[in-house]
Amino acid sequence: MAVPEPSEWLDRELYSRQLPVLGLPAMQRIREAKVLLSGLQGLGAEVAKNLVLMGVGSLTLHDPHPTCWSDLAAQFFLSEKDLGKSRAEASQKRLAQLNEAVQVFVHTSDITEDLLLKFQVVVLTASKLEEQLTVGALCHKHGVCFLVADTRGLVGQLFCDFGEEFTVHDPTEAEPLTAGIQHITQGSPGILTLRREDKEHSFCDGNLVTFSGIEGMVELNDCSPRPIRVQKDRSLEIGDTSTFSPYLRGGAVTEVKRPETVRHKPLDRALLQPCVVAPSAREVHHAHCLHQAFLALHKFEHLYGRPLQPWDPVDAEIMVTLARDLEPLKGAEEEPLDEALLRTVALSSAGVLSPMAAILGAVAAQEVLKAISKKFMPLDQWLYFDALDCLPEDEELLPNPEDCAPKDWRYDGQIAVFGAGFQETLSHQRYLLVGAGAIGCELLKGFALVGLGAGASGGVTVADMDYIERSNLSRQFLFRPWDIGKPKAEVAAAATRDLNPNLEVIAHTQVLDHTTEHIYGDNFFSHVDGVVAAVDSFEARHYLAARCIHYLKPLLEAGTQGTKGSASVFVPHVTEVYKGPISAEASEDAPTLVCTMRYFPGTYEHTLQWARNEFEGLFRLPAEIINRYQQASTSLADVDLTSLKPVLGVLRVRPQTWQDCVVWALGHWQLRFCDDIIQLLRLFPPDKVREDGTPFWSGPKQCPRPLEFDISQDMHFLYILAAANLYAQMHGLPGSSDQIALRALLKLLLHTDRPHLAPIFTGELAESGPEQSKELQESLEVWSKGPALKPLVFEKDEDSSFHMDFVRAAASLRSQNYGISEPVDYAQSKRIVSQIIPAIATTTAAVAGLLGLELYKVVGRPRPIGAFRHTYLDLAENRFQRSVPSAPAIQKFHHLEWTGWDRLNVPAGQPERTLESLLAHLQEHHGLKVRMLLCDHALLYSAQESPESQAQYLPLRVTELVQQVTGWVPEPGQRVLVLELSCEGEEDNTAFPPLHYELW
């Protein structure tokens, strides 16, 4: 049976951010998988949502229990209208809307052994221990992967049993290591020297590697994986090469990932001898205490037929006694149980919290995907997570049973943990969310569930200037297919109101940056209690952080890349201010030099960027230039025509037919991949030597070779198909996807019209004489008199447009020119050229949940720095690092001390003070003798100026001076003018706090 093409079973556009993380083989297994999920409270809803968004083949829901009030605190598929209805049946329709390719069923009967055999993975949430043991034993017996997930208030638990021998095909998210080859010796062992830029590699002894693109020692190409040994000089021993042909040039060495086998114990054994995921011995003991706490909670419910009452000290003491009487854990060091921890868990265990469900639901869903796809190492075997730091440190401030009693309200699950008083505080908050993408949608869901701003005086404002694309739908779960093309902020706001009709959500579609401070100014921020950043650039984060520092607002910030994520909190005067990289380039390698990319590429990334620039130079920029001069009815005589030469190529007149476009594409192929390379080698022959005696073509410079067009080569043909269609689109002509007809046409052209394929106008390395320049100008003048050309804007997510096909084929051919190995994965090529940030629903949900926990702390009473947490997670490698933020760094100058949150406040006064008065005030009240005073980098005052010059400015009112120097016009409602100062005696690293000149 023929293997279906990915396009037949996978929507590449929908999963364009997910594919770089998981890859096609894993996605195919996911699309074919069948999962049973039992338990549809908040945690189960989160697991289901993530699995459906990520495209699992089918999901069967099981939960016959009726919806109750406490469910609504975390179960976003349910509403008051569903009270009394089966949770599973009430959730099915809304869940299925998330992804039309996923089948969502409901199982209404009991779970039986025969039922379990139909699934690859079974997940139990909010289940009784007896059911867990029964189902777990059957799953283990039949090789069905089994998970248990649960949350109780501020603690969560996850268990995985993937069987006695579970093979992980791809243990890590990291791409296999690849490095360019400089030389290989003939010997036993052969020694492989890497290119200079790859010498600081991460290869290790025992790694298996393969080789590709080698010229000369071709016996290594596509050989069976070979083990290596790393030498002191970072060269590699690669085994016996003594009988191989001499190495000539080029090639790459690539790591081969090894499968790993995981062995899991069944639940009954794992309960008594738990293996927990924890980074330290202290954390292991903490996890063991939580393990015993969950067992005691199950035992309490078994004995009394009910869960513990919220904050009931009697129930809590019974649970602690039950935990104390449990059988000691096997294989664990005998340490006393932390009874204070157990007691706090017991008191708060009756609650159901949306952030906890989001975090545990994300991790559980990721483990399901690991079981299905066999990609990434699964948990071994227990994970415990607690957020008890959300509770007040002072025991007198903890809730009481009366304040936490159920009220038949949608927030009952949350009130059971924090009390009704805290819920009232939450409802009056006014928050700004910047970004309505994947993280933003998850946060808005969380805001609706916790009731943030749902009171009469509260509310949430969401700002996002983007529009919904199809690729958003696999993560941004508030959006549906019929929302494509609509503003994200408006659709997200409406969807959030549907989740909680009491929450007022205001949508802003204007960007939030320095150009819109007349909208998001002093008046706006005076009605904001906090800011949440769900943006995808460091520049945007820095701007929002600066706004929060200016207005002294707490900032919650999160980001993801693939399975990695982070969540951070910045609180005025409590934590350090935000200090992330200024830009993506600041945290990555410097941009590739243009000449390297154009003439001396050394990596596949170089060729991809070259191909991307080719697209712009062929199909967008020339059309824009010609149209601009056509519209202005001016001559092209004053234009640099060099960039327009490729538009004509081999044609002397404007194309009129599809065949003309094919002829142009074939001619441009010849120019770029044959003639240009021949010209380059004339300038820099293969044997060229530098002045110091070293070969010119050495190190990162790989000597290229011209290609000869071969219609049987896939990338040769794809280039013509894509280039001809794009050329036709630019000229408003019909294209063609008929590959059979195109092959026939190409064969005819190659046999009969070969002389006509020579370019009329030479490539970029060749000199253009006056006659050719004149001919070029005349041709373009005629060209511009036809209908306007259509500039093509590169579209990474539209696979049928030939955009990515062109870039991929051009990069492949360029790589062949230079002997550069290229990935076989289309998704990887697309990610590189489109600068796509890999993203998946699970990581997004997890970081949003983590921010929800920090929100609890920010909203309540003032908390010490020890209450807050920065979190970093990696779902692929099962890493969860939580740390207390740093305190604000203190700067000193003489008697003054300040942090990044401080400012010098000076009232303007009535009548307004002069510049002279301001300088005197700073010296008298702060001991600062101002050397320079600036406003928005414009100099207002300098002590170095002459007395005559100073005399002109000192009597002026401060605002009058600022208007004269900068042209400043105060915005309506502006309250503060921010000035910068430099003072006598300061050191080079002194950064004084800003001066806030208070206008009113």
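Here the structure is a predicted model, which is why all the values come from computation and not from measurement.

A. Just the pairing of strand β4 (residues 121-125), in detail. Among the 5 residues of β4, 5 are classified as buried, and the element is accordingly described as predominantly covered. On β4, burial covers both faces: Val-121, Val-123 and Thr-125 on one face and Val-122 and Leu-124 on the other are all buried. Two elements, β4 and strand β5 (residues 145-152), share 5 bridges in a ladder whose sense is parallel. Looking at β5, one finds that Val-123 is bridged to Leu-147.

B. Local environment of the packing of helix α9 (residues 313-324) against helix α10 (residues 339-348). Across the interface, α9 lies against α10 with an axial gap of 9 Å and an inter-helix angle of 130 degrees. In terms of orientation, α9 lies oblique with respect to α10. For the pair α9 and α10, the crossing hand works out as right-handed. Listed contacts from α10 to Pro-313, Ala-316, Glu-317, Met-319, Val-320, Ala-323 and Arg-324 of α9 are Glu-339, Leu-342, Arg-343, Val-345, Ala-346 and Leu-347. Of the residues in the contact of α9 with α10, the class split is 9 nonpolar, no polar and 4 charged.

C. Structural detail: the sheet that holds strand β29 (residues 938-942). The 5 strands are arranged β27-β31-β30-β28-β29 in an open sheet whose pairing can be described as mixed. Both outer strands of the open sheet, β27 (904-907) and β29, are each paired with one neighbouring strand and no more. The average undirected angle you get between the axes of adjacent strands in this sheet is 30 degrees. Note that strand β28 (residues 930-935) and β29 share 4 bridges and pair antiparallel. Within β29, the residue paired with Leu-933 across the bridge is Tyr-941. The strands touched by helix α30 (residues 915-926) within the sheet are β27, β28, β29, β30 (976-983) and β31 (995-998), with β27 carrying the most contacts at an inclination of about 135 degrees. Where helix α32 (residues 958-966) meets the sheet, it contacts β28, β29, β30 and β31, and its direction lies at approximately 130 degrees from that of β29.

D. Just the layout of surface pockets, in detail. Here the second largest pocket defines a volume of roughly 1500 Å³. Along the walls of the second largest pocket sit 49 residues, with Glu-517, Arg-547, His-550, Asp-936 and Val-978 positioned nearest its centre. Put simply, the parts of the chain that give the lining of the second largest pocket at least two residues each are α16 (522-526), α17 (538-551), β28 and β30. The element best represented in the lining of the second largest pocket is α17, accounting for 8 residues. In terms of residue class, the lining of the second largest pocket is made up of 25 nonpolar, 16 polar and 8 charged.

E. Just the nonpolar core, in detail. Core analysis: the biggest nonpolar cluster contains 169 residues, and Leu-59, Val-122 and Leu-154 have the highest contact counts within it. Residues within four places of Leu-59 in sequence aside, it is in contact with Val-35, Leu-37, Ala-48, Leu-51, Val-52, Leu-95, Gln-103, Val-104 and Phe-105. The next biggest cluster of nonpolar side chains, apart from the first, holds 61 residues, and it includes Ala-611, Cys-703, Leu-718 and Phe-802.

F. Fine view of the environment of Gln-157. Tracing the sequence through the fold places Gln-157 in strand β6 (residues 155-161). Residue Gln-157 is classed as buried on the basis of its relative accessible area, which comes to 5%. As a C-alpha pair, Gln-157 and Thr-125 span 32 residues in sequence and 9.9 Å in three-dimensional space. Those residues in contact with Gln-157 that sit more than four places away from it in its chain are Val-148, Ala-149, Asp-150, Phe-294, Leu-360, Trp-382, Leu-383 and Tyr-384. Among the polar contacts made by the side chain of Gln-157, one reaches the side chain of Tyr-384 at a distance of 3.0 Å.

G. Spotlight on the pattern of salt bridges. By the definition in use, this model includes 44 salt bridges. Where Glu-339 meets Arg-324, a salt bridge forms, and the shortest distance between an N and an O atom there is 2.8 Å. Residue Glu-339 is located in helix α10, and its partner Arg-324 is located in helix α9; the two are separated by 15 residues in the primary sequence. Given a relative accessible area of 42%, Arg-324 falls into the partly exposed group. With its nearest N and O atoms 2.9 Å apart, the salt bridge here joins Lys-857 to Glu-854. Note that Lys-857 and Glu-854 are positioned in helix α29 (residues 841-859) at a spacing of 3 residues, about one turn of the helix. The burial state of Lys-857 is the same as that of Glu-854; both residues are buried. In this structure, a network of salt bridges that share partners links the residues Asp-389, Glu-854, Lys-857, Arg-869 and Arg-882.

About the criteria used
- Residues numbered from 1 in each chain as written.
- Predicted model: local features only at pLDDT ≥ 70, side-chain atom pairs only at ≥ 80, totals over all residues.
- Heavy atoms only, no water.
- Buried < 20%, exposed > 50% of the residue type's maximum accessible area, 1.4 Å probe, protein only.
- Helix = DSSP H or I, 4+ residues; strand = E, 2+ residues; numbered from the N terminus.
- Pairing = 2+ DSSP bridges.
- Axes fitted to C-alpha atoms, helices over the stretch in contact; angles between N-to-C directions.
- Parallel < 35°, antiparallel > 145°, perpendicular 65-115°, else oblique.
- Left-handed = near helix turned anticlockwise from the far one by under 90°.
- Contact = heavy atoms within 4.5 Å.
- Nonpolar A, V, L, I, M, F, W, Y, C, P; charged D, E, K, R; others polar.
- 1 Å grid on protein atoms, 1.4 Å probe; cavity = no way out; pocket = protein on both sides within 12 Å on 5 of 7 lines; lining within 4 Å.
- Points joined across faces, edges and corners; volume = space filled by probe spheres on them.
- Core = buried A, V, L, I, M, F, W, Y, C linked by side-chain atoms within 4.5 Å.
- Polar contact = N/O pair within 3.5 Å; in protein donor to acceptor, adjacent residues only side chain to side chain.
- Salt bridge = Lys/Arg side-chain N within 4 Å of Asp/Glu carboxyl O.

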